[in-house]
Amino acid sequence: MNPRPERDGTVEVVIDRVDKVYPGGVAALRGVSLRIGRGMFGLLGPNGAGKTTLMRLVAALERPTRGEITVNGMSVTRRPSGVRRLLGYLPQDFRAYDKLTPREFLDYVALLKGLDDPRRRRREIELLLEQVGLGRSVRSRIGTFSGGMRQRLGIAQALLGEPPLLIVDEPTAGLDPEERIRFRNLLAELGLSRTIILSTHVVADVEHSCSELALLIEGRVAFRGTPDALISRAVGKVWEVEVDPGEADGVRATHRIVSSRVASGGGLALRVVGSEVPRAGARPVRPTLEDAYIAVVEEAAGLGK
Amino acid sequence: MRTLLALLAHEARLLFTWALPLTAAGSTLILILVIQTESPEMLPLFKTDPELALAMADRWVVRVVELAAPIVGVFTMSHAASLDVDAGTAELVGSMPRWAPGVILRRAAAGFLMLALSVVFMVLAARLVTGLEFSLDRPFLALPPAAFLAGVGLVVSAWTRSHATGLAAALGLWAMDVIRPGMCTGPLYLFQGGRPACCQAAGLDLCLNRLLLCAGAAFLVALSSWLYSRRGL
């Protein structure tokens, strides 16, 4: 057992055949096994796939029904506070106490994390506020913050105490494109020196920042590998086809439409996913990660054509 | 110790609402008005029988403080368990390495300190304004029932996850005991003059009653902490 981070400051999370069944028999996770090391690891999946449940299990907020999760060999079930000492967590629906200023809030969280040295606390808080771009808002109350500012405060609190493991659940939900890119870049930077698990259903977030990913569908791991490996699974399954507006429904019956736009000729230019040619004149195109994601989701749902 | 004090300061900051100074100031004002109204009766007594005059003043101070302190306590502490009732904040607090039930214990401690300070303020302000040097010990006997009622509010709000329900339960019990002293509370009666017949028959005096209230308050805070740490995380 090695409860401390490795020499390079990272930790390894091992999820071994984990099931989670909620009272009432709802199975959120079924036999999930993953090994996650340094860098940014993306956890993709549609809503209800079990991503948040898995995040909560790793953060020792819930116990698995079966299987085990360890962080650097330390069992999340048996030594939850030991695991939490290595952890920075940004929950899906992050909120903070509206009446506090960001400095007060971070000081409170730092104390809860066990940062007892006031000088170290103050130094870290000032640094983090600058790092996440909230240096100018230290006197404003959190209640006056925009969604983006709150999320940045959320990542700042997660980084307090320099945890080697960061878990961020849907961090870009509700952010405008500029904030989203900024946030993604910040996470990617942080991933150089620690283990980050990013749970999201926004494919672009994973595409631009994660070196590895797992795709969860209905509580099972449907894919695990690099973004390129996922893309390669969709090669030959993505098509562009131009149809009359009335014909779109026919294509929709056999293929999953990823996007549609008005073509120069007046018809609809569709980008579709499916194993067969949708109709004469369709041309295969290079898949994106989003196409590949759709292809795997469709395949798993038994709808892949 | 420094860490604990810093945490208590944050918890007090989170607990603080304007209801606390408003209730304390309002009660102080009522206390001063009551004493001033009773002054024509009391003041002549100071020349002839100062002890009786002070006893009268004491009686009024005790009555007003023991009516007001529970309200201050309830408004201060009953939302301690519902401050972070939303999933995000609850998860955040739950993911911290510090012992989860400690949150409520610290909040209760901070709330009790604020309550005690409010009572000190009420008594000292009334003493300063009226010039009557009434005793300081008896008004502080109002703290155990205040802590007990705050505990009732806390446990109900921790259980229902709603501040309003906790507030309503505690204030309801307070109102019942004002109208019918000791009827619902029995040996845990809240007001010094409200000893019910059963307690008189059993020889349960005020001292034992205050001890029971303190023990009850401690039990309710412990129960709230347990409920808080088990709220579906």
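What you see is a predicted model, and the numbers here were worked out from it, not measured in a lab. (Residues numbered from 1 in each chain as written. Chains lettered and ligands numbered in written order. Predicted model: local features only at pLDDT ≥ 70, side-chain atom pairs only at ≥ 80, totals over all residues. Heavy atoms only, no water.)

### A word on helix 4 (residues 87-94) of chain B
For step 1, the next point in the chain: With respect to burial, helix 4 of chain B is a largely interior element, seven of its eight residues being buried.
For step 2, the next point in the chain: Along helix 4 of chain B, the residues that are buried comprise B:Gly88, B:Thr89, B:Ala90, B:Glu91, B:Leu92, B:Val93 and B:Gly94. (Buried < 20%, exposed > 50% of the residue type's maximum accessible area, 1.4 Å probe, protein only. Helix = DSSP H or I, 4+ residues; strand = E, 2+ residues; numbered from the N terminus.)

### Observations concerning the packing of aromatic side chains
How two aromatic rings sit relative to each other is given by the distance of their centres and the angle of their planes.
For step 1, the next point in the chain: On inspection of all chains with the given rule, the structure shows four aromatic pairs over all chains.
For step 2, the next point in the chain: Site record: aromatic cluster; members linked through ring pairs are A:Phe94, A:Tyr97, A:Phe105 and A:Tyr108. (Phe/Tyr/Trp six-rings, centres within 6.5 Å; stacked < 30°, edge-to-face > 60°.)

### Focus on the pairing of strand 13 (residues 268-273) of chain A
Residue and element names in this part refer to chain A.
For step 1, the next point in the chain: Judged by how many residues are buried, strand 13 sits mostly within the fold: five of six residues are covered.
For step 2, the next point in the chain: Inspection of the sheet shows strand 11 (residues 238-243) paired to strand 13 by six bridges, in the antiparallel sense. Within the sheet, the bridge partner assigned to Trp239 lies in strand 13 and is Val272.
For step 3, the next point in the chain: Pairing geometry for strand 12 (residues 256-262) and strand 13, over six bridges, is antiparallel. Counterpart to Ser259 in the pairing with strand 13 is Arg271. (Pairing = 2+ DSSP bridges.)

### Remarks on a positive patch on the surface
For step 1, the next point in the chain: Together, A:Arg119, A:Arg122, A:Arg123 and B:Arg2 make up a positively charged patch on the protein surface.
For step 2, the next point in the chain: Looking at which element gives the most residues to the positive patch, the answer is helix 4 (residues 118-131) of chain A, with three residues.
For step 3, the next point in the chain: With respect to the helices, strands and loops of the structure, A:Arg122 is situated in helix 4.
For step 4, the next point in the chain: On the basis of relative accessibility, which here comes to 52%, the residue A:Arg122 falls in the exposed class. (Patch = residues over 30% accessible without salt bridge, like charges linked within 9 Å, V, L, I, M, F, W, Y side chains within 5 Å. Areas by Shrake-Rupley, 256 points an atom, 1.4 Å probe, with all protein chains shown as cover. Salt bridge = Lys/Arg side-chain N within 4 Å of Asp/Glu carboxyl O. Lys, Arg positive; Asp, Glu negative; His and termini not counted. Charge placed at Lys NZ, Arg CZ, Asp CG, Glu CD.)

### Re the nonpolar core
For step 1, the next point in the chain: Ranked by internal contacts, the top residues of the largest apolar core, which has 123 residues, are A:Phe105 and A:Ile155.
For step 2, the next point in the chain: In this structure, A:Ile15, A:Val18, A:Leu34 and A:Ala60 belong to the second largest nonpolar core, which totals 31 residues. (Core = buried A, V, L, I, M, F, W, Y, C linked by side-chain atoms within 4.5 Å.)

### Re the side chain of A:Thr70
For step 1, the next point in the chain: The topology assignment puts A:Thr70 in strand 4 (residues 66-71).
For step 2, the next point in the chain: Not counting residues within four places of it along the chain, the set of residues in contact with A:Thr70 comprises A:Glu12, A:Val13, A:Val14 and A:Ser75. (Contact = heavy atoms within 4.5 Å.)

### Here we look at the pattern of salt bridges
For step 1, the next point in the chain: On inspection of all chains with the given rule, the structure shows 26 salt bridges over all chains.
For step 2, the next point in the chain: A salt bridge links A:Lys20 to A:Glu62; the nearest nitrogen and oxygen atoms lie 3.5 Å apart. Here A:Lys20 is found in strand 1 (residues 13-22), whereas its partner A:Glu62 is found in the loop between helix 1 (51-58) and strand 4, with 42 residues between them in sequence. Neither A:Lys20 nor A:Glu62 differs from the other in exposure class; each is buried.
For step 3, the next point in the chain: A salt bridge links A:Arg256 to A:Glu298, with the shortest nitrogen-to-oxygen separation between them at 2.7 Å. One end of the pair, A:Arg256, is in strand 12; the other, A:Glu298, is in helix 10 (residues 289-300), and 42 residues separate them in sequence.
For step 4, the next point in the chain: Judged by relative accessible area, A:Arg256 falls into the partly exposed class, the value being 36%.
For step 5, the next point in the chain: Linked through salt bridges whose partners overlap, the residues forming this network are A:Lys20, A:Arg56, A:Glu62 and B:Glu91.

### Overview of unusual backbone geometry
Residues and elements named next belong to chain A.
For step 1, the next point in the chain: A positive phi angle is found at Glu170, which is not glycine, with a value near 50 degrees.
For step 2, the next point in the chain: Residues other than glycine seldom take positive phi values, yet Glu218 does so here, at roughly 45 degrees.
For step 3, the next point in the chain: You can see Glu218 is positioned in the loop between strand 9 (212-217) and strand 10 (220-225).

### Here we look at the confidence of the model for chain B
For step 1, the next point in the chain: On average, residues of chain B score 84 in pLDDT, and 95% of them are at 70 or above.
For step 2, the next point in the chain: The ipTM value of the predicted complex is 0.82, and its pTM value is 0.83. (pLDDT = per-residue confidence, 0-100.)

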